[in-house]
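Per-entry structural report
Listed below, chain by chain, are the residues.
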Amino acid sequence: KQEVTQIPAALSVPEGENLVLNCSFTDSAIYNLQWFRQDPGKGLTSLLLIQSSQREQTSGRLNASLDKSSGRSTLYIAASQPGDSATYLCAVCMEYGNKLVFGAGTILRVKS
Amino acid sequence: NAGVTQTPKFRVLKTGQSMTLLCAQDMNHEYMYWYRQDPGMGLRLIHYSVGEGTTAKGEVPDGYNVSRLKKQNFLLGLESAAPSQTSVYFCASSPGRKTTYNEQFFGPGTRLTVL
């Protein structure tokens, strides 16, 4: 059974700091991996999707990497801003079937 | 484009009552999904559909039924609500495996409380 773990569970940083969020998964037979952002009381916004054949994806100040063989992904946020405060969720789509398996998320607070 | 919409946004039920949650997407996506989100547990898949007229069970299907009579709509039904079904329900859709990126797009959620 696929299990997805996100570390840390919560993170508080001063504005301007670069930071890394970690995601690990137990079964490397994945189709893709998605990083989402969730604001309090809101739905999920897709940030980046990495196919299993890719190593990284970039969007603005965000960079996500994938090491499929070791079961790890990282989300790098450069020059953090208070508006980045949210919960960040990692989810893997299995190679067989269509299920997204989610981690519990990292709650990020960027202090001004 | 409205993307993925969900109706209603909030609902309070009494134990034993029934209700249907409606999900609609205007992106012509093949796949649709229903998830529930509970505190500290991330999202868990309830049921999903890979095309009009098809449905399949996810990780936590008990107590729920679904139907996909039209490609753009995916309905989630609770026949006899229980307090354990108090949760936030999210619908999502994706283009399908025939596309390069089978990215899932989520609706705003429905907050359900069962008393």
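In the block above lies the structure referred to throughout.
Summarised in this report is the structure supplied together with it. (Residues numbered from 1 in each chain as written. Chains lettered and ligands numbered in written order. Predicted model: local features only at pLDDT ≥ 70, side-chain atom pairs only at ≥ 80, totals over all residues. Heavy atoms only, no water.)

1. Description of the overall build of chain A
For chain A, the count of helices and strands is zero helices and 11 strands. From first element to last, N terminus to C terminus, chain A shows the α and β order β-β-β-β-β-β-β-β-β-β-β. The C-alpha atoms of chain A give 13 Å as radius of gyration, which agrees with the globular expectation for 112 residues (13 Å, within 12%). Out of the 112 residues belonging to chain A, those deemed buried represent 46%. (Helix = DSSP H or I, 4+ residues; strand = E, 2+ residues; numbered from the N terminus. Rg over C-alpha atoms; globule rule 2.2 N^0.38 Å. Buried < 20%, exposed > 50% of the residue type's maximum accessible area, 1.4 Å probe, protein only.)

2. Looking at the nonpolar core
The tendency in soluble globular proteins is for nonpolar side chains to be buried side by side. Residues and elements named next belong to chain A. Within the largest apolar cluster, 24 residues are counted, with the highest numbers of intra-cluster contacts made by Leu33, Trp35, Leu75 and Val92. Mapped by element, the contributors of at least two residues to this core are strand E3 (19-25), strand E4 (30-38), strand E5 (44-51), strand E7 (62-67), strand E8 (72-77), strand E9 (86-94) and strand E11 (106-111). Per-element tally for this core: the top contributor is E9, with five residues. Residues contacting Val92, with those up to four places away along its chain left out, are Gln2, Val4, Phe25, Ile30, Asn32, Leu33, Lys99, Leu100 and Val101. (Core = buried A, V, L, I, M, F, W, Y, C linked by side-chain atoms within 4.5 Å. Contact = heavy atoms within 4.5 Å.)

3. Structural notes on the sheet that holds strand E1 (residues 4-7) of chain A
Strand pairs in the sheet, formed through backbone hydrogen bonds, run parallel or antiparallel to each other. All names here are of chain A. Spatially, five strands are ordered E1-E3-E8-E7-E6 in an open sheet, and the strand pairing comes out antiparallel. Every other strand in the sheet has two partners, leaving E1 and strand E6 (56-59) as the edge strands with one partner each. Geometrically, the sheet is characterised by an average inter-axis angle of 15° between neighbouring strands, direction not taken into account. Summarising the sheet, E7 and E8 pair through six bridges and their orientation is antiparallel. Looking at the pairing, Leu66 lines up with Ser73 of E8. (Pairing = 2+ DSSP bridges. Axes fitted to C-alpha atoms, helices over the stretch in contact; angles between N-to-C directions.)

4. As for the side chain of Arg44 of chain B
Residue and element names in this part refer to chain B. Within the secondary structure, Arg44 sits in strand E5 (residues 43-49). Engagement of the side chain of Arg44 in a polar contact is seen with the side chain of Asp38, the distance being 2.8 Å. The residues contacting Arg44, other than those within four sequence positions of it, are Trp34, Tyr35, Arg36, Asp38, Glu59 and Val60. (Polar contact = N/O pair within 3.5 Å; in protein donor to acceptor, adjacent residues only side chain to side chain.)

5. A short note on the interface of chain B and chain A
Buried accessible area, meaning the area lost when the parts come together, often serves as the stated size of an interface. On the side of chain A, 26 residues touch chain B, which itself brings 24 residues to the contact. Across the chain B/chain A interface, buried area totals approximately 1,800 Å², and carbon plus sulfur atoms make up 51% of it. The interface formed by chain B and chain A contains zero salt bridges. Taken together, the elements giving at least two residues each to the side of chain B that touches chain A come down to strand E4 (31-37) and E5 of chain B. No other element matches the four residues that E4 of chain B contributes to the side of chain B that touches chain A. (Buried area = accessible area lost by both parts, 1.4 Å probe. Salt bridge = Lys/Arg side-chain N within 4 Å of Asp/Glu carboxyl O.)

6. Brief notes about the side chain of Ser87 of chain B
Residue and element names in this part refer to chain B. Structurally, Ser87 is set in strand E9 (residues 87-94). Ser87 gets classed as buried once you look at its relative accessible area, which sits at 6%. A distance of 2.9 Å separates a polar side-chain atom of Ser87 from the backbone oxygen of Gln37. At a separation of 2.8 Å, a polar atom in the side chain of Ser87 contacts the side chain of Asp38.

7. Considering the packing of aromatic side chains
For any pair of aromatic rings, the description rests on two quantities: the centre-to-centre distance and the angle between the ring planes. Throughout the structure, instances matching the rule amount to eight aromatic pairs over all chains. Both rings, one in Phe36 of chain A and one in Phe106 of chain B, keep their centres 5.3 Å apart while their planes meet at 85°; by these two values the pair is edge-to-face. Of this pair, Phe36 of chain A sits in strand E4 while Phe106 of chain B sits in strand E10 (residues 105-106), placing the two residues on different chains. Each member of the pair, Phe36 of chain A as well as Phe106 of chain B, is classed as buried. In textbook terms, an aromatic cluster arises when at least three aromatic residues are bridged by ring pairs, as seen for Phe36 and Phe102 of chain A together with Tyr33, Tyr35, Tyr48 and Phe106 of chain B. (Phe/Tyr/Trp six-rings, centres within 6.5 Å; stacked < 30°, edge-to-face > 60°.)

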